[in-house]
Amino acid sequence: MGIESSCDETAAAVVRRGTETMSNVVASQIATHAPYGGVVPELASREHLRNIVPVVRTAIAEARMNLRDIDAVAVTEGPGLAGALLVGITYAKSLAFALDKPLIAVNHLEGHIHAVLLEHAVVAPDPLPLPALALVVSGGHTHLYLARRDEESWHYTNVGHTVDDAAGEAFDKVAKLLGLGYPGGPWVDALAPYGDPKTVPFSFAQIKPKAHRKETNRNDLSRRYLFSFSGIKTAVLRYVQTHELFASIETRRNALAQLPIARPADALALCDEETLNLIASFQRAVVDDLRRKTFQAAEAFGVHSLLVSGGVAANSELRARFAAEAAQRGLPIAFPSLSLSTDNAAMVAAAAWPKLLEGDFAPAELSAEPSLALGR
Ligand code: KG4
Ligand code: ZN
């Protein structure tokens with residue numbers, strides 16, 4: 001059984017042998033945080049407390065099992081919000097203790113990577129060729145990892161990260177600025193096809209850490225691919241200021257607030273051409289920056305496949321452009337299905353399977369690690 005509570009989803013899932021999903025239950029807190037335009041940590045902890053017992057019970061019922069039938073309890077140790085993580089960890093520890101089953105600690109980022117591997121094992125006859133380059137791109141993270149396997153155990157090397165905001169954070173903040181709903185990614189995704197992505201020429205600074213500038217060796221794992229998404233957020237704000245879009249944004253925000261449930265389709269009629277062009281240009285710029293650096297890293301490290309996961313991996317333009325370039329380069333690429341792109345517990349249970357085989361169990365004093373890193 002996997003349990004996930006690192007941010008704003010309370011999730012539990014039963015996965016057999018790391019590949020067969022018996023149940024995958026997610027209680028979303030979107031409605032709780034939407035009025036604030038972002039996750040409020042205290043509210044998240046309270047909602048996890050409210051949801052954890054029914055979510056675990058539902059996961060067991062949907063798997064048509066009894067709690068005693070599970071082999072181990074896996075839980076997200078970090079990274080994430082301390083109070084939110086603690087709810088899942090405390091519950092998982094109690095459950096493992098009461099059932100006398102092993103407890104397994106899972107890094108949330110490794111979970112996102114295993115969301116892809118979990119499904120790939122079901123749909124494809126052959127495993128993804130390794131080493132792979134994994135882009136984990138979500139509301140809290142923009143990381144590139146080299147992933148390889150040694151017998152049952154997986155090893156990760158971090159070769160890229162954001163120096164400021166995560167890509168998903170930029171989607172959320174830009175959507176909020178433009179008077180769209182929360183979380184912003186799906187709104188921008190839905191509206192972008194109606195605009196011209198070539199209208200606003202956003203650009204990204206090329207950041208090179210000084211110490212690594214001269215390194216050209218393909219096998220030098222200290223090379224870094226750096227992302228930065230705070231600048232584009234400011235650039236969108238400047239555009240809104242110079243083009244005097246604030247009045248139309250407020251009209252849109254108020255009109256959407258009147259609806260019982262506002263959906264991206266409701267926003268389309270409330271967006272003029274200039275706004276749609278801005279949205280399309282923003283999305284194109286972010287996707288292109290992610291694509292360019294990811295494929296540069298894939299080439300530099302000579303990986304044999306690419307996997308992309310995390311909430312932003314649900315983005316349709318990102319999927320299409322990554323898939324096209326991978327096909328052009330003959331590089332196998334895999335994404336999780338949309339429901340496994342965002343936070344869930346099936347990915348936690350899947351990442352725990354190799355650890356169960358290896359007897360890599362968590363100590364009784366396991367606690368939340370809000371800034372837990374993955375790999376070296
Ligand atoms: O993986 P996730 O559920 O939680 C974190 O670990 O952060 O990712 C949530 C993030 C949010 O920023 C959300 O706006 C973004 O993923 N997201 C998207 C899309 N769906 C979710 N971003 C772009 N396009 C989407 N379709
Ligand atoms: Zn996540």
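Owing to the predicted nature of the structure, the values given are computational and were not obtained by experimental measurement.

**Structural notes on the side chain of Glu110**
Then, number 1: Within the secondary structure, Glu110 sits in helix α4 (residues 108–123).
Then, number 2: Note on Glu110: relative accessible area 5%, which makes it buried.
Then, number 3: Among the polar contacts made by the side chain of Glu110, one reaches the side chain of Lys355 at a distance of 3.0 Å.

**Comments concerning the sheet that holds strand β10 (residues 305–309)**
Then, number 1: Strand order in this open sheet of six strands is β9-β8-β7-β6-β10-β11, and the pairing throughout is mixed. The strands lining the two open edges of the sheet, one partner per strand, are β9 (225–227) and β11 (333–334).
Then, number 2: Relative to the sheet, α4 contacts β6 (132–137), β7 (142–150), β8 (153–162), β10 and β11, its axis offset from that of β10 by approximately 115 degrees.

**As for the domain arrangement of the protein**
Interfaces are frequently sized by the accessible area removed from exposure as the parts join.
Then, number 1: Domain annotation of the protein identifies domain 1 (2–113 + 341–358) and domain 2 (129–331).
Then, number 2: Look at where the C-alpha atoms of domain 1 and domain 2 centre, and you get two points 26 Å apart.
Then, number 3: Listed per partner, the contact involves 18 residues of domain 1 and 19 residues of domain 2.
Then, number 4: Interface area lost by domain 1 to domain 2 is led by Leu109, Ile113 and Ser341, which between them contribute 37%.

**Comments concerning the coordination of the zinc ion (ligand 2)**
Then, number 1: Taken together, the protein donors to the zinc ion (ligand 2) comprise His108 (NE2), His112 (NE2) and Asp343 (OD), at separations of 2.0 to 2.1 Å.
Then, number 2: Geometry at the zinc ion (ligand 2) is irregular, judged from the four donor atoms that bind it and their angles of 94 to 144 degrees at the metal.
Then, number 3: Along the chain, the residues that donate to the zinc ion (ligand 2) are spaced as H-x3-H-x230-D. Of this pair, His108 and His112 both sit in helix α4, four residues apart, roughly one helical turn. Like His108, the residue His112 is buried in the burial classification.

**Here we look at the pairing of β8**
Then, number 1: Burial within β8 is extensive, with eight of its 10 residues counted as buried.
Then, number 2: Pairing between β7 and β8: eight bridges, direction antiparallel. Along β8, the bridge assignment pairs Asp150 with Ser153.
Then, number 3: In this structure, the hairpin formed by β7 and β8 is closed by a connection of two residues, where Glu151 is found at a positive phi of approximately 55 degrees.

**Re the confidence of the model for the protein**
Reading predicted coordinates in detail is not appropriate for stretches of low pLDDT.
Then, number 1: Here the protein averages 94 in pLDDT, while 95% of its residues score no lower than 70.
Then, number 2: Below pLDDT 50 for its whole length, residues 211–216 participates in seven contacts with residues either more than four positions away or in separate chains.

**Things to note about the site of ligand 1**
Then, number 1: Neighbouring ligand 1 are 20 residues; Gly139, Asp172, Gly185, Asp189 and Asn315 lie closest to it.
Then, number 2: One of the backbone nitrogen or oxygen atoms of Gly140 is found 3.2 Å away from an oxygen atom of ligand 1.
Then, number 3: Look at ligand 1: alone it shows 560 Å² of surface, and the protein chains cover 91% of it.
Then, number 4: When atom positions are compared with the pocket grids, ligand 1 is found to occupy the largest pocket.
Then, number 5: Element by element, the count of residues in the shell around ligand 1 is highest for helix α6 (residues 184–191), at four residues.
Then, number 6: Across the shell around ligand 1, the residue classes break down as five nonpolar, 12 polar and three charged.
Then, number 7: Domain assignment of the residues forming the shell around ligand 1 places at least three in each of domain 1 (2–113 + 341–358) and domain 2 (129–331).

So, how was this worked out
Residues numbered from 1 in each chain as written. Chains lettered and ligands numbered in written order. Predicted model: local features only at pLDDT ≥ 70, side-chain atom pairs only at ≥ 80, totals over all residues. Heavy atoms only, no water. Helix = DSSP H or I, 4+ residues; strand = E, 2+ residues; numbered from the N terminus. Buried < 20%, exposed > 50% of the residue type's maximum accessible area, 1.4 Å probe, protein only. Polar contact = N/O pair within 3.5 Å; in protein donor to acceptor, adjacent residues only side chain to side chain. Pairing = 2+ DSSP bridges. Contact = heavy atoms within 4.5 Å. Axes fitted to C-alpha atoms, helices over the stretch in contact; angles between N-to-C directions. Domains from an automatic or database assignment. Buried area = accessible area lost by both parts, 1.4 Å probe. Donors = N, O, S within 2.8 Å, 3.2 Å for Na, K, Ca; no water. Tetrahedral: all angles 85-135°; square planar, octahedral: opposite > 155°, others 65-115°. pLDDT = per-residue confidence, 0-100. Near = heavy atom within 4 Å. Areas by Shrake-Rupley, 256 points an atom, 1.4 Å probe, with all protein chains shown as cover. 1 Å grid on protein atoms, 1.4 Å probe; cavity = no way out; pocket = protein on both sides within 12 Å on 5 of 7 lines; lining within 4 Å. Sits in = over half its atoms within 2 Å of the grid points. Nonpolar A, V, L, I, M, F, W, Y, C, P; charged D, E, K, R; others polar.

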